[in-house]
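Per-entry structural report
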Amino acid sequence: FDVEVTSARLAAVQQNTSGLLLLDVDTNATVQVVSGGNQPDYVGGTPLGCAIYQIGTGVNKQLWIYDLVTRSSRRIATDKTWVTYVAQTSTGRIVFTSGPSSDTDLWIYNPSTGFTTEISAQAGEIDGSAVITTDDLVFYERGNSGQSDVWYFDPTLGTSISVATASSNEVIRGTLENGAVLFTRIGGGGETDLYYVSLAT
């Protein structure tokens with residue numbers, strides 16, 4: 001007969017600067033995720049039980065996902081450098097950036113299909129500071145030289161839509177449980193104004 005384990009309590013354990021383990025806190029059994037890596041760093045788990053981790057730093061920074069069922073890892077965005085985990089949706093789609101801090105691009109990866117979709121990749125601009133709402137919308141900033149605008153990406157439509165594109169700097173401050181987002185804008189008198197945006201209303 002077959003036995004299926006549907007849940008486990010796992011803890012990520014760092015091994016110096018080269019290894020990463022997953023420890024079952026109930027049985028003390030371990031699974032080796034990374035051995036002999038370059039500064040592996042656990043960053044989160046997906047709803048389907050996969051572990052997400054980073055390897056390396058700077059231009060060599062990579063993003064990986066480890067499948068506990070198949071005991072195998074696969075690298076996300078093999079054609080990109082400076083890859084950095086940002087967040088994930090409730091369905092396990094992984095949002096990440098690529099490129100140096102002076103010119104980042106924003107992407108979303110679907111572990112079920114293996115496809116990576118561009119959220120925003122404007123040349124010469126910083127696309128990032130992403131947050132995910134309770135409705136799984138990805139709000140993010142786009143801009144440079146201290147002047148950024150607020151946009152959002154809908155994973156179900158695969159499109160980005162502008163939210164606030166004034167000539168002054170706009171910065172995302174957080175999300176609320178009702179799916180709304182707070183952001184600030186530098187006003188005409190140099191003051192910082194606070195805004196609330198809710199797509200539902």
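Everything discussed here concerns the structure shown above.
The rules behind each value
- Residues numbered from 1 in each chain as written.
- Predicted model: local features only at pLDDT ≥ 70, side-chain atom pairs only at ≥ 80, totals over all residues.
- Heavy atoms only, no water.
- Helix = DSSP H or I, 4+ residues; strand = E, 2+ residues; numbered from the N terminus.
- Buried < 20%, exposed > 50% of the residue type's maximum accessible area, 1.4 Å probe, protein only.
- Contact = heavy atoms within 4.5 Å.
- 1 Å grid on protein atoms, 1.4 Å probe; cavity = no way out; pocket = protein on both sides within 12 Å on 5 of 7 lines; lining within 4 Å.
- Points joined across faces, edges and corners; volume = space filled by probe spheres on them.
- Nonpolar A, V, L, I, M, F, W, Y, C, P; charged D, E, K, R; others polar.
- Pairing = 2+ DSSP bridges.
- Axes fitted to C-alpha atoms, helices over the stretch in contact; angles between N-to-C directions.
- Core = buried A, V, L, I, M, F, W, Y, C linked by side-chain atoms within 4.5 Å.

1. Quick look at the overall build of the chain
Looking only at helices and strands, the chain has zero helices and 18 strands in total. Oriented by its inertia axes, the alpha-carbon framework of the chain measures out at about 65 × 35 × 30 Å. Burial statistics for the chain: of 201 residues in total, 41% are counted as buried. Excluding contacts between residues fewer than 6 apart, the proportion of contacts in the chain whose partners are at least 24 apart in sequence is 20%.

2. Digging into the environment of S101
Along the chain, S101 turns up in the loop between β9 (94–98) and β10 (105–110). Spatially, the C-alpha atom of S101 lies 30 Å from that of L199, the residues being 98 residues apart in sequence.

3. Thoughts on the layout of surface pockets
Size it by volume and the largest pocket reaches roughly 830 Å³. Looking at the largest pocket, it is lined by 33 residues, and the ones nearest its centre are L10, L48, G49, C50 and L68. Of all the secondary-structure elements, those providing two or more residues to the lining of the largest pocket are β2 (19–24), β3 (30–34), β4 (41–45) and β6 (62–67). A total of three residues in the lining of the largest pocket trace back to one element, the largest contributor, which is β2. For the lining of the largest pocket, the class distribution of residues is 16 nonpolar, eleven polar and six charged.

4. Here we look at the sheet that holds strand β7 (residues 72–76)
Overall, antiparallel pairing links the four strands, which are arranged β4-β5-β6-β7 in an open sheet. Every interior strand has two partners, whereas the edge strands, β4 and β7, have only one. The average undirected angle you get between the axes of adjacent strands in this sheet is 30°. The pairing of β4 with strand β5 (residues 51–55) spans four bridges and is antiparallel. Within β5, the residue paired with G44 across the bridge is I52.

5. Structural notes on unusual backbone geometry
A positive phi angle is found at N28, which is not glycine, with a value near 65°. With respect to the helices and strands, N28 occurs in the loop between β2 and β3. Positioned with a positive phi, S145 is a non-glycine residue whose angle comes to about 50°. Inspection of the secondary structure assignment puts S145 in the loop between β13 (138–144) and β14 (147–154).

6. Some points on the sheet that holds strand β11 (residues 115–120)
A sheet is described by the order of its strands in space; here four strands give the open sequence β8-β9-β10-β11, paired in antiparallel fashion. For this open sheet the edge positions go to β8 (84–88) and β11, each flanked by a neighbour on one side alone. For this sheet the average axis-to-axis angle between neighbouring strands, irrespective of direction, equals 30°.

7. Re the nonpolar core
Of all hydrophobic cores here, the largest spans twelve residues; its members are C50, I52, L63, I65, I76, A77, V83, Y85, I94, F96, W107 and Y109. Core analysis: the next-biggest nonpolar cluster, separate from the first, contains eleven residues, A130, I132, Y140 and W151 among them.

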